[in-house]
Amino acid sequence: MFHKILNIGLFFSLCSITFAQDTYQIQGIVLHASNLTPAQGANIVGKNLYAVSRATGEFAINNVAEGSYTFTISHIGCEPKTISVTVGPKMEELKIYLQESTTELEEVKVSGKSKKRELKEVPIVSQTVSEEFLNNNRENSLMQTLSKIAGVSTINIGSGQSKPVIRGLGFNRVAVVQNGIKHEAQQWGNDHGLEIDQHGIENIQIIKGPASLLYGSDAIAGVVDIQSNQIPLPNTFGGEVNILGESNNDLLGVSAGISSRKDKWFYRGRLTYRDYGDYKVPADRINYENYVFELDDHNLRNTAGNEADASLGIGYVAEGIKSETVFSNVNAKNGFFANAHGLEVRTSSIDYDSSNRDVDLPFHKVNHFKITNNTAISAGDHNLHIDLGYQNNNREEHSEPVPHGYMPTPPDTKERLFIKNTYSLNFRDDFKPNKQHDVVVGLNTEYQNNNIGGWGFLIPEYNRFTAGVFGYDQFEVNSNFHVLAGLRYDVGRVDTKAYYDWYPSTINNDDGSTSYIQLQRSKNKTLDFGSLSASLGLSYIQNKTSYKINVGRSFRMPLANELASDGVNYHMYRYEKGNLDLDPEISYQLDLAVDHTANNFRVGVSPFVNIFQNYIYLNPTSSYYETIQIYEYTQAEVFRIGGEFNASTTIVKNLQIDASLEYVYSRQNSGAKKGFTLPFSPPLSGLVSAKYQFKKLLFFQKPQLIADFRITAAQEEIVPPEEKTEGYQVLNMSFLAAINAFKNKQPLEMRVKLNNVFDSKYFNHTSFYRLIDVPEPGRNISLSVTIPF
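Read on for an overview of the structure. (Residues numbered from 1 in each chain as written. Predicted model: local features only at pLDDT ≥ 70, side-chain atom pairs only at ≥ 80, totals over all residues. Heavy atoms only, no water.)

1. Section: the packing of aromatic side chains
And step 1. All told, the structure shown has 15 aromatic pairs when counted by the stated rule.
And step 2. Seen from their ring centres, tyrosine 69 and phenylalanine 71 are 6.5 Å apart, and the 35 degrees between their planes marks the pair as tilted.
And step 3. The exposure class of phenylalanine 71 is buried, given its relative accessible area of 2%.
And step 4. An angle of 75 degrees between the planes, with centres 4.9 Å apart, marks the rings of tyrosine 692 and phenylalanine 694 as edge-to-face.
And step 5. Classification of phenylalanine 694 by relative accessible area gives partly exposed; the value is 26%.
And step 6. Ring-pair connections join several aromatic residues into one group, and the members of that group are Tyr390, Tyr423 and Tyr447.
And step 7. Sitting over the ring of tyrosine 631, arginine 574 keeps its end group 5.0 Å from the ring centre.
And step 8. When the ring centre of phenylalanine 763 is taken as reference, the NZ or CZ atom of arginine 770 above it lies at 5.0 Å. (Phe/Tyr/Trp six-rings, centres within 6.5 Å; stacked < 30°, edge-to-face > 60°. Buried < 20%, exposed > 50% of the residue type's maximum accessible area, 1.4 Å probe, protein only. Lys NZ or Arg CZ within 6 Å of the ring centre and 35° of its normal.)

This is the structure:
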């Protein structure tokens, strides 16, 4: 397989060599003179030549003709520096040291604050994820990549699908936002992943805790905000090709992106394709519903799939206005583990072991099309932001047509069809009535139209409308002390549609007669909701230590599946029944955060306390539909407490150690499961990472060796029918380096990862397949090469 990867890499490398022999590349690094730390975001400006330094302080300017040039290097908080550069065949890498600015504080405030400083001043517990982190830690899905962050985990559904969990809460309690618009798919489903291409993302902000004030109903537990990429510099063109291969599931993938800008107009685009086979687990057999299924060569049969993504952005920037429209489409086909989709596989004629790359029944196909527009307008003292969005999510679930109870053999394999159209509008006005106040007022609206099809009913067709108005003020008491206070009010309406079975069921009447009728599964029903959200927070910066405290009230509207589901979920082998009497969830949370940074050491702690007045969950009952247990949606008061701890230090010049710890305790204080925890509650877990930076190793430039060792405790706190999960330890290794493969070109970036080094058999308590005793994937070697141009 790796011969294929190398051949593909060589092909794209040759395709990217299109430079003239009399042009050269200027390479350099920008550092702070006081402590030799990288100066990220420094501007390197010459006549018709531009560059911005990366997180490592490095920069590159391509296709420069031989001669002498003058550049000015500037960075917030530093004195500008002008240098002369002679470009030629014997040119060395530039090292630029910037001195701290001697400008008075008030003058610095006029020129602007760094992004890092702004985040410290906002009393919300959040974490910024850089492009470098995403590239260096990339896994099979975006959410698996983010799971290295303390407080963030995933509910995994096979090798290519997962959804985010923040501090033990997931599904529609965590909002995923991309380009200012909430991603709207079928995220209510246990086995439904996110349709987002993780390649080409530059910056993500993760908010831990309630964020309904800014993002509305579905952000009651947190937000994963995939922010818009930086606008390209004028008169630039660039791009990259990323090639990926993995051994565990024989994955082959390629992603190519370009960006360009003339003067005011710019564009960027990306194409991604991935194809993978069944993934392997360190087990020979699986026990499901007391049936033992043998695995062929450790393959989790029918977990293969493929994905094809495309995006195109067109934008305009001028004085006082910035606007970009992005078109994107994600198309995926994934198989469901055959032995986890009911027991019919026992009598199936499908030979699942004939190939590890084909996708047999059962499987799902999903296509997610999205259009977003983000426009920012400066109008005097006001900065206006308008976000528009349209999304179409088309999801098909196919399985073998077999009769169940009174349902005869279906006519085809299309078990369920979900078609969802979402229209979004966000408006925000930022203004400063004076130097101390930064005020934001805004409006969010969203309309959803959901249609269904197929022979298997679970949730009805429905329409959903939500609207919210909000306002908040960040008050600067002094340069180190800030107060943020805000209010929001939301209204919502859910209209469910009536549904009748397509086949008759036998009903025994009281008079002894028998009727054959098509049972009604859902009604025409209109439900209205409304609630207030509020937040009050303080932040204080004292030298190298920052303190944050925030208290808030958030809410979440019930979803259509919680209100009106009434059918068999064969994926989970249970009958799910909604409850039209559910109230909106109300949550109160207290967040604290303390962060201390010294020259070679950083430590932070962020505890929280959370109370749900009426948490919605799916409760197993003692009733049965035919032979399938009935689960009903109900509500309970829930108490939660937990937090995260982070530490980082540089032991010697080239060795950095990072450590993190996360824990959540949950307890239901009322309802049928009083005294129990919540489903999928993550156990106590710690991660220790060591990174060693070599000066040079053979032909590798700036090589890094990284070891990640995760220690997870046993999860003894469960809610039936969950089972306890044993603790585990797993070691992952990575090797990263740059290779100067082509003269006067940016170096190739290579990443080799070895996950689950010892092929350990362990269970992740938040994994979807944990419910049927499927362990996590076995040892996996991945090779990734990025070719910039």
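2. Remarks on empty space enclosed by the protein
And step 1. Tallied over the full model, the rule gives 16 cavities of 30 Å³ or more.
And step 2. Counted as a void, the largest cavity has a volume near 1,000 Å³.
And step 3. What lines the largest cavity is a set of 49 residues, among which Ser147, Asn156, Asn732, Tyr762 and Glu776 lie closest to the centre.
And step 4. Looking at the lining of the largest cavity, the elements that each hand over two or more residues are α5 (142-146), β9 (152-156), β41 (685-693), β43 (700-712), β44 (728-739) and β45 (748-755).
And step 5. For the lining of the largest cavity, the per-class residue count stands at 14 nonpolar, 26 polar and nine charged. (1 Å grid on protein atoms, 1.4 Å probe; cavity = no way out; pocket = protein on both sides within 12 Å on 5 of 7 lines; lining within 4 Å. Points joined across faces, edges and corners; volume = space filled by probe spheres on them. Helix = DSSP H or I, 4+ residues; strand = E, 2+ residues; numbered from the N terminus. Nonpolar A, V, L, I, M, F, W, Y, C, P; charged D, E, K, R; others polar.)

3. What to know about the side chain of threonine 545
And step 1. By the secondary structure assignment, threonine 545 is in strand β34 (residues 545-556).
And step 2. Side chain to side chain, threonine 545 and histidine 596 meet in a polar contact 2.7 Å long.
And step 3. For threonine 545, the contacting residues outside a window of four places in its chain are Tyr540, Val594, Asp595 and His596. (Polar contact = N/O pair within 3.5 Å; in protein donor to acceptor, adjacent residues only side chain to side chain. Contact = heavy atoms within 4.5 Å.)

4. Digging into the sheet that holds strand β6 (residues 81-87)
And step 1. The strand order β3-β2-β5-β6 describes an open sheet built from four strands, whose pairing is antiparallel. Two strands close off the open sheet at either side, each with one partner strand: β3 (49-52) and β6. Neighbour-to-neighbour, the strand axes of the sheet open up by a mean angle of 25 degrees, direction not taken into account.
And step 2. When strand β2 (residues 43-46) meets strand β5 (residues 67-74), the two strands line up antiparallel, connected through three bridges. Bridge assignment links isoleucine 44 to a residue of β5, and that residue is isoleucine 73. (Pairing = 2+ DSSP bridges. Axes fitted to C-alpha atoms, helices over the stretch in contact; angles between N-to-C directions.)

5. Remarks on the side chain of serine 212
And step 1. Here serine 212 lies in helix α6 (residues 212-215).
And step 2. Judged by relative accessible area, which is 0%, serine 212 ranks as buried.
And step 3. A distance of 3.5 Å separates the side chain of serine 212 from the backbone oxygen of phenylalanine 555, its partner in a polar contact.
And step 4. When near neighbours in sequence (up to four residues on either side) are disregarded, serine 212 contacts Ser217, Ala219, Ile220, Arg488, Ser533, Ser554 and Phe555.

6. What about the pattern of salt bridges?
And step 1. Going through the model one piece at a time under the given rule, you end up with 38 salt bridges.
And step 2. The shortest N-O distance in the salt bridge between aspartate 353 and arginine 301 comes to 3.1 Å. Highlighted residues: aspartate 353 in the loop between β22 (321-335) and β23 (363-379) and arginine 301 in the loop between β20 (291-294) and β21 (305-318), separated in sequence by 52 residues.
And step 3. With a relative accessible area of 35%, aspartate 353 lands in the partly exposed category.
And step 4. Look at arginine 301 and you get buried, because its relative accessible area is 7%.
And step 5. Of the charged contacts, one joins arginine 493 and aspartate 528 as a salt bridge, the two residues approaching to 2.6 Å between their closest N and O atoms. Here aspartate 528 lies in strand β33 (residues 525-542) and arginine 493 lies in strand β28 (residues 481-496), a separation of 35 residues in the sequence. (Salt bridge = Lys/Arg side-chain N within 4 Å of Asp/Glu carboxyl O.)

7. Brief notes about the nonpolar core
And step 1. Judged by nonpolar contacts, the single largest core of 26 residues is most densely connected at Leu142, Leu146, Ile204, Ile206 and Val224.
And step 2. Those residues within four positions of valine 224 in sequence are excluded, and the remaining contacts are Met143, Leu146, Pro164, Ile166, Val174, Ala175, Val176, Val177, Ile204 and Gln205.
And step 3. Grouped together as the second largest cluster of nonpolar side chains are 20 residues, Ile26, Val64, Ile83 and Ile96 included. (Core = buried A, V, L, I, M, F, W, Y, C linked by side-chain atoms within 4.5 Å.)

In short, shape yes, function no, at least from these values alone.
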